[in-house]
Amino acid sequence: MGNSDRVVLRVGGAEARDFLQGLVTNDVRKLDSGLVYAAMLTPQGKYLADFFLVPSDDGVLLDVDAGLAPGLRQRLTMYKLRRAIEIEETDITVTRGLGAPPEGAFADPRDPSLGWRGYGGQHGEEADWDGLRVAACVPQSGVELTPDTFILEAGFERLSGVDFRKGCYVGQEVTARMKHKTELRKGLAVVDVDGTASPGTEIASGGKVAGTLFTQSRGRGIAYLRFDRAGADMQAGDAKVRWPQAGQGDV
């Protein structure tokens, strides 16, 4: 079963890897070991798109959310300048499954629970992907990941989506400063949810805004929290929200 929510772009040409290395948050050289999860940022360090870099015989494939693909392709073309790079949309279908990757597929680098991704016609399978995502606190393009997102607040270090030793890329200075000079006061966390609320519902704690509730599954949810305000007794619309780590110090 294919994933119609994804588009696969191809960045081709002899300079494809060097070109991407100067743009994305992760080290493109890791393609020699499998999939690379990465993002493109604005010069101000905010999220533009997240995607998987996929090794290919004729360049690098980018597995990206279908809604973000046109903008990503346009941004890559803008940076291309006079370099001998081709950027095109392919008809490759993305498939997903759990367990060990079949021949030609790759383990999802974000979390072992998310199984594998295939680009060569491997037979995919149904799974509770939202439930798995929530349990592992893995954000999704266009839901938890928005143009206001700073990737470290979204857990990209834990998700193997950023490399702090690779050198310069667009937005690198802001990201490095957040890593080395500040303590994160906001970010994504898994919360317990009693009831339901629309994704994007504001979370209140003690009469103050404590964050936003996003994807929910099986009584849990991914929330963007202000850690200094989040607690064990919060409200998101009609749903009760509890952050299990409240009062435990560092998160």
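Placed above this text is the structure.
This one's a predicted model, so the numbers in the text were calculated from it and none came from an experiment.

1. Some words on the overall build of the chain
Counting its regular elements, the chain contains four helices and 15 strands. Burial status across the chain gives 49% buried among its 251 residues. Sequence separation of 24 or more characterises 59% of the internal contacts of the chain that already satisfy a separation of 6 or more. Of the roughly 12,300 Å² of accessible surface on the chain, 47% is carried by carbon and sulfur atoms. In the chain, the 30 positive side-chain charges and the 35 negative ones have mean positions that sit 7 Å from each other.

2. Some remarks on the side chain of T25
Mapping T25 onto the fold places it in the loop between helix 1 (16–21) and strand 3 (36–41). Using a relative accessible area of 0% as the deciding quantity, one classes T25 as buried. Separated by 3.0 Å, the side chain of T25 and the backbone nitrogen of A39 make a polar contact. A polar atom in the side chain of T25 sits 2.7 Å from the backbone oxygen of G161. If we ignore the near neighbours within four places in the chain, the residues touching T25 are A38, A39, L41, I151, G161, V162, D163, K166 and Y169.

3. Some words on the pattern of salt bridges
In the structure shown here, the tally under the stated rule is 17 salt bridges. The partner of R133 in a salt bridge is D130, and the shortest N-O contact between them spans 3.2 Å. In this pair, R133 and D130 are both assigned in helix 3 (residues 129–136), three residues apart and thus about one turn of the helix distant. Through salt bridges with shared partners, a single ionic network connects R6, D63, D108, R110 and R117.

4. Quick look at the nonpolar core
Y37, Y119, L145, I151, F156 and V162 are the most contacted members of the largest nonpolar core, which totals 28 residues. Elements with a contribution of two residues or more to this core: strand 3, strand 4 (47–56), helix 3 and strand 10 (186–194). The contact partners of Y119, leaving out residues within four places of it in the chain, are V8, L35, F52, V54, D63, I92, T93, V94 and F106. F19, L31, A38 and M40 belong to the second-largest nonpolar core, a separate cluster that totals 25 residues.

5. Concerning the packing of aromatic side chains
Counted according to the given criterion, the structure contains four aromatic pairs. When the centroid spacing of 5.3 Å and the interplanar angle of 40 degrees are considered together, the rings of Y37 and F52 count as tilted. Pair noted here: Y37 is in strand 3 and F52 is in strand 4, with a separation of 15 residues, a long-range link. Of the two residues examined, Y37 and F52, each falls in the buried class. Ring centres of F106 and Y119 lie 6.4 Å apart, and the angle between their planes is 45 degrees; on these two criteria the pair is classed as tilted. Of this pair, F106 sits in strand 8 (residues 106–107) while Y119 is found in the loop between strand 9 (116–118) and helix 3, placing the two residues 13 residues apart along the sequence.

6. Here we look at the pairing of strand 13 (residues 220–226)
Relative to strand 13, strand 10 runs antiparallel, the two sharing seven bridges. Directly across from K186, in strand 13, lies its bridge partner R226. Two strands pair when backbone bridges link them, and strand 12 (residues 208–217) and strand 13 are joined in this way by five bridges, in the antiparallel orientation. What sits directly across from S217, in strand 13, is R220. Between strand 12 and the antiparallel strand that follows it, strand 13, lie two residues; R218 among them carries a positive phi value of about 55 degrees.

7. Section: helix 3
For helix 3, every residue scored as buried is listed here: W129, G131, R133, V134 and A136. In this fold, the buried residues of helix 3 make contact with strand 7 (94–97), strand 10, strand 12 and strand 13. Of the residues flanking the end of helix 3, it is C137, one or two places downstream, whose phi is positive at about 55 degrees.

8. A look at unusual backbone geometry
Peptide bonds are trans in most cases, and residues, glycine excluded, mostly fall at negative phi. A positive phi angle is found at S160, which is not glycine, with a value near 60 degrees. Along the chain, S160 falls in the loop between helix 3 and helix 4 (172–181). Residue classification places S160 among the partly exposed residues on the basis of a relative accessible area of 38%. One non-glycine residue, R218, adopts positive backbone phi at about 55 degrees.

Procedures and definitions
- Residues numbered from 1 in each chain as written.
- Predicted model: local features only at pLDDT ≥ 70, side-chain atom pairs only at ≥ 80, totals over all residues.
- Heavy atoms only, no water.
- Helix = DSSP H or I, 4+ residues; strand = E, 2+ residues; numbered from the N terminus.
- Buried < 20%, exposed > 50% of the residue type's maximum accessible area, 1.4 Å probe, protein only.
- Contact = heavy atoms within 4.5 Å.
- Areas by Shrake-Rupley, 256 points an atom, 1.4 Å probe, with all protein chains shown as cover.
- Lys, Arg positive; Asp, Glu negative; His and termini not counted.
- Charge placed at Lys NZ, Arg CZ, Asp CG, Glu CD.
- Polar contact = N/O pair within 3.5 Å; in protein donor to acceptor, adjacent residues only side chain to side chain.
- Salt bridge = Lys/Arg side-chain N within 4 Å of Asp/Glu carboxyl O.
- Core = buried A, V, L, I, M, F, W, Y, C linked by side-chain atoms within 4.5 Å.
- Phe/Tyr/Trp six-rings, centres within 6.5 Å; stacked < 30°, edge-to-face > 60°.
- Pairing = 2+ DSSP bridges.

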